[in-house]
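Spelled out from the first residue to the last, the chains are:
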Amino acid sequence: ATLLSLRLAGLLLRAERTVWAGAFLAYAIGSGATAWGTAHGFDATSFRVYYGAGALLTAPLLGAGALELVGRPLGRAAGLIWTGLAIGAVVAMPVHGAFTRAVPSASAHLGWAPRVLAIAGNSAGTVIVVAVALATLRRRLLANAFILAGVACAAIGSALSGFGVAATSVLV
């Protein structure tokens, strides 16, 4: 996932889709931190990288990138502002609890504020991606069908995450 996301980020950057490139770069960093943590054990630093890139940046930047894709200048500005906010939150958030090699739960290591920020950003990013995909469905049927299917898989995975890693591995 990390290498594929890096490759896609590079292709998007060359196509001048900067915000989407940033989203795929954030996903690559988050999945790389997950791989590192599960192989070597998570600690506060690897958790911050995992949470910042994965939970705070990926979906919101995809939403901002969707706005950029349909020619809304607000997309690039919103992506930049959100990135600054997310990085500030990651640096400032207190992290507590013991870590293992298992993918950490945010509720076990963070207070309410960074979790609410992640929920808000992910919700807004998802709504924007779905709205743009639906609005441009006729022009880009196959691409938008893949985007909507990806959003649906992510939503199902999030909904089932309470059942544990083994129960949701069928979706991967």
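Our subject is the structure that appears above.
Notes on the structure in this doc start here. (Residues numbered from 1 in each chain as written. Predicted model: local features only at pLDDT ≥ 70, side-chain atom pairs only at ≥ 80, totals over all residues. Heavy atoms only, no water.)

## Some thoughts on a nonpolar patch on the surface
What counts, and what does not: Distance thresholds for patches are 9 Å for like charges and 5 Å for nonpolar side chains (Val, Leu, Ile, Met, Phe, Trp, Tyr), applied to residues having over 30% relative accessible area and no salt bridge. Per-residue accessibility takes into account occlusion by the displayed protein chains alone, with areas from the Shrake-Rupley method and a 1.4 Å probe. Counted as salt bridges are all cases of a side-chain nitrogen of Lys or Arg within 4 Å of a carboxyl oxygen of Asp or Glu. Under the scheme used here, helices are H or I runs from DSSP no shorter than 4 residues and strands are E runs no shorter than 2 residues, and both carry numbers assigned from the N terminus. Each residue is placed in one exposure class: buried if its accessible area under a 1.4 Å probe, protein chains only, is under 20% of its type's maximum, exposed if it is over 50%, and partly exposed if it falls in between.
On the surface, Leu 3, Leu 6, Leu 25, Ile 29 and Val 49 cluster together to form a nonpolar patch covering roughly 440 Å² of accessible area. At the level of elements, helix 1 (2–14) and helix 2 (18–40) are the ones that each hand at least two residues to the nonpolar patch. By the secondary structure assignment, Leu 6 is in helix 1. Leu 6 sits in the partly exposed class, given a relative accessible area of 41%.

## Here we look at the pattern of salt bridges
Pairing between side chains of opposite charge can happen when the charged atoms of each approach one another. Counted under the stated rule, the structure contains 1 salt bridge. Between Glu 68 and Arg 76 there is a salt bridge, and its shortest N-O distance comes to 2.5 Å.

## Details of the nonpolar core
The condition is simple: Among buried residues, the Ala, Val, Leu, Ile, Met, Phe, Trp, Tyr and Cys ones that are joined through side-chain atoms within 4.5 Å form a nonpolar core. A contact between two residues is defined here by any heavy atoms of the two lying within 4.5 Å.
Counting residues in hydrophobic clusters, the biggest one holds 18 residues, and the most contacted among them are Tyr 51, Leu 56, Leu 57 and Leu 110. Contributions of two or more residues to this core are made by helix 2, helix 3 (44–69), helix 4 (74–92) and helix 6 (112–135). Broken down by element, this core gets its largest block of residues, 6 residues, from helix 3. What Tyr 51 contacts, discounting residues up to four positions off in sequence, is Leu 56, Met 93, Ala 106, Leu 110, Pro 114, Arg 115 and Ala 118.

## Some details on the packing of helix 2 against helix 3
Inclusion rule: Only the contacting stretch of a helix is used when fitting its axis, a line to C-alpha atoms as for every element, and angles between N-to-C directions run 0 to 180 degrees. With respect to orientation, any angle under 35 degrees is reported as roughly parallel, any angle over 145 as roughly antiparallel, any angle of 65 to 115 as roughly perpendicular, and every other angle as oblique. Here a crossing is taken to be left-handed if its near helix is turned anticlockwise relative to the far helix by less than a right angle, and right-handed if that turn runs clockwise. Basically, the charged four are Asp, Glu, Lys and Arg, the nonpolar ten are Ala, Val, Leu, Ile, Met, Phe, Trp, Tyr, Cys and Pro, and anything else, Gly included, counts as polar.
Here helix 2 crosses helix 3 at 160°, and the two axes come no closer than 7 Å. In terms of axis orientation, helix 2 runs roughly antiparallel to helix 3. In this structure, helix 2 crosses over helix 3, and the sense of that crossing is left-handed. Grouping the amino acids of the contact of helix 2 with helix 3 by side-chain chemistry returns 18 nonpolar, 8 polar and 1 charged.

## Examining helix 3
To keep things clear, this is the line we draw: To estimate how far a helix should reach, multiply one less than its number of residues by 1.5 Å. In this scheme, the bend at a residue equals the angle between the axes fitted to the seven residues that finish there and the seven that begin there.
Helix length check: helix 3, at 26 residues, gives a terminal C-alpha distance of 35 Å against a target of 38 Å (1.5 Å per residue), a fit within 8%. The largest bend in helix 3 is about 45°, located at Leu 57, with the proline Pro 60 one to four residues further on. Once helix 3 finishes, Gly 71 follows within two positions and takes phi at roughly 85°, a positive value.

## Quick look at the environment of Gly 41
Of note, Gly 41 is situated in the loop between helix 2 and helix 3. Note: C-alpha distance between Gly 41 and Phe 99 (58 residues apart in sequence) is 7.2 Å. Those residues in contact with Gly 41, other than ones at most four positions away along the chain, are Trp 36, Ser 46, Thr 100 and Arg 101.

## Regarding unusual backbone geometry
One non-glycine residue, Glu 16, lies in positive phi territory at about 60°. Along the chain, the position of Glu 16 falls in the loop between helix 1 and helix 2. Accessibility expressed as a relative area gives 62% for Glu 16, which makes it exposed.

## Thoughts on the packing of aromatic side chains
So the rule is basically this: Centres within 6.5 Å are what make two rings of Phe, Tyr or Trp a pair, Trp counting through its six-membered ring; a difference in plane orientation under 30 degrees is then read as stacked, over 60 as edge-to-face, and the rest as tilted.
Counted by the stated rule, this structure contains 4 aromatic pairs. Ring centres of Phe 42 and Tyr 50 lie 5.8 Å apart, and the angle between their planes is 65°; on these two criteria the pair is classed as edge-to-face. Following the ring pairs from residue to residue traces out a cluster consisting of Phe 42, Phe 47, Tyr 50, Tyr 51 and Phe 99.

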